[in-house]
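# Coordinate inspection notes
Below, each chain spelled out in residue letters.
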Amino acid sequence: GAVVSQHPSWVICKSGTSVKIECRSLDFQATTMFWYRQFPKQSLMLMATSNEGSKATYEQGVEKDKFLINHASLTLSTLTVTSAHPEDSSFYICSAAPGPNHEQYFGPGTRLTVT
Amino acid sequence: QKEVEQNSGPLSVPEGAIASLNCTYSDRVSQSFFWYRQYSGKSPELIMSIYSNGDKEDGRFTAQLNKASQYVSLLIRDSQPSDSATYLCAVKGNQFYFGTGTSLTVIP
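Attention in this report is confined to the structure presented alongside it. (Residues numbered from 1 in each chain as written. Chains lettered and ligands numbered in written order. Predicted model: local features only at pLDDT ≥ 70, side-chain atom pairs only at ≥ 80, totals over all residues. Heavy atoms only, no water.)

### A closer look at the overall build of chain A
A tally of helices and strands in chain A yields zero helices and 11 strands. Secondary structure of chain A in N-to-C order comes out as β-β-β-β-β-β-β-β-β-β-β. A globule of 115 residues ought to have a C-alpha radius of gyration of about 13 Å, and chain A, at 13 Å, matches this closely. Projected onto its principal axes, the C-alpha coordinates of chain A cover approximately 35 × 25 × 25 Å. The proportion of buried residues among the 115 residues of chain A is 49%. Intrachain contacts of chain A at a sequence separation of at least 6 include 55% that bridge at least 24 residues. Within the structure as shown, chain A displays about 5,700 Å² of accessible surface, and the carbon and sulfur contribution to it stands at 53%. Within chain A, the 9 negative side-chain charges are centred at a point lying 7 Å from the centre of the 9 positive side-chain charges. (Helix = DSSP H or I, 4+ residues; strand = E, 2+ residues; numbered from the N terminus. Rg over C-alpha atoms; globule rule 2.2 N^0.38 Å. Buried < 20%, exposed > 50% of the residue type's maximum accessible area, 1.4 Å probe, protein only. Contact = heavy atoms within 4.5 Å. Areas by Shrake-Rupley, 256 points an atom, 1.4 Å probe, with all protein chains shown as cover. Lys, Arg positive; Asp, Glu negative; His and termini not counted. Charge placed at Lys NZ, Arg CZ, Asp CG, Glu CD.)

### So, the sheet that holds strand S7 (residues 67-73) of chain A
Residues and elements named next belong to chain A. Strand order across the open sheet formed by four strands is S1-S3-S8-S7, with antiparallel pairing between neighbours. Edge strands, defined here as strands with exactly one partner in the open sheet, are strand S1 (4-7) and S7. The mean angle between the axes of side-by-side strands here comes to 15 degrees, regardless of whether they run parallel or antiparallel. Bridge count for S7 against strand S8 (residues 76-81) is five bridges, and the pairing is antiparallel. If you follow Ser73 over to S8, its bridge partner there is Leu76. (Pairing = 2+ DSSP bridges. Axes fitted to C-alpha atoms, helices over the stretch in contact; angles between N-to-C directions.)

### Observations concerning unusual backbone geometry
Note that the residue after A:His7, namely A:Pro8, is joined by a cis bond; omega there is 0 degrees. When you line up the elements, A:Pro8 lands in the loop between S1 and strand S2 (10-13). Of note in this structure, A:Ser83 is not a glycine but carries a positive phi near 45 degrees. By secondary structure assignment, the location of A:Ser83 is in the loop between S8 and strand S9 (90-97). Non-glycine residue B:Gln70 carries a positive phi angle of around 55 degrees. Tracing the backbone through its elements, the reader meets B:Gln70 in the loop between strand S7 (61-66) and strand S8 (71-76). Residue classification places B:Gln70 among the buried residues on the basis of a relative accessible area of 11%.

In structure tokens, the structure reads:
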């Protein structure tokens, strides 16, 4: 099956610093990548959708200046959490789709803790 | 009304029984339907996709789709304790929508 990787798998950072999370599709080209956030015992929350070479589309309530998304190639998207605060601590999961009507394949997730 | 609705559960079934998970959706133009399994602390994993009305079987899993009723279900036969997880229904029309998931516990 299709494989999506994320790096790092977990990160601890201090309040006010920025953290970059990478999402790669390893064996297929992803026209669309998605970024989700999930708090403990809660459902997935879509943050943004990105298409290669264009600006990401952010969901309502998600600050685009705080969560910077770059989909630079068909196999790589990055999410940068800028000026992180403790309330940004969460499980961040990316997914990638080979085409507009295809299933999403999820990365293993990145657990972010902001101290 | 949410785009995709699932019973949150928890749903408990004894080992060896059939677990039935249900999902309804509101967007009539939806064309693609998926079931994902998410273990606690892990990311979702695709287990089934279905695109046309009827049943689709894969091992112990059967997905059922009824577009007229806007209903999709997942049956797990011979449930095992390792099937205990949250099951997410996803629907793709103009956009991709996930349900909030149904928590399943299989009791040994």
